[in-house]
Amino acid sequence: LGFNCAPPEAILTALQAVESSGVGEHLRQAGIKLAAYANCNDRKAVHDAGFDVLKFVAAGPIRVREDLKGTGYVGWCHRF
């Protein structure tokens with residue numbers, strides 16, 4: 001079961017909800033493993049405005065979030 005394509009904050013919230021709800025234990029007992037990889041791109045402003053394919057090109061190039069560059073994402077991975 002995987003969580004992906006969302007900011008690391010949202011992935012962490014989802015994984016915490018799985019654990020706090022008790023679902024994590026049920027998944028482990030059933031032999032189901034979790035996977036998580038976040039979207040490290042800086043797209044908040046685009047997503048907050050609502051995705052519009054006609055405006056996509058005007059939104060500019062996709063860039064990695066400054067706080068996730070280098071080893072910045074590693075800290076989130078350890079929290080996952």
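The structure under discussion appears in the preceding block.
So, how was this worked out
Residues numbered from 1 in each chain as written. Predicted model: local features only at pLDDT ≥ 70, side-chain atom pairs only at ≥ 80, totals over all residues. Heavy atoms only, no water. Salt bridge = Lys/Arg side-chain N within 4 Å of Asp/Glu carboxyl O. Helix = DSSP H or I, 4+ residues; strand = E, 2+ residues; numbered from the N terminus. Buried < 20%, exposed > 50% of the residue type's maximum accessible area, 1.4 Å probe, protein only.

**Q** How would you sum up the pattern of salt bridges? Please name residues and give values.
**A** Counted under the stated rule, the structure contains five salt bridges. The shortest N-O distance in the salt bridge between glutamate 25 and arginine 28 comes to 3.4 Å. Separated by three residues within a single helix, glutamate 25 and arginine 28 lie in helix α2 (residues 23–29), roughly one turn from each other. Its relative accessible area of 38% is what places glutamate 25 among the partly exposed residues. Across the pair glutamate 66 and lysine 69 runs a salt bridge, and its minimum N-O distance is 2.9 Å. On the basis of relative accessible area, glutamate 66 is assigned to the exposed category, the value being 61%. When its relative accessible area of 43% is taken as the criterion, lysine 69 is described as partly exposed. Shared partners join several salt bridges into a network, and the residues in it are Glu9, Arg65 and Asp67.

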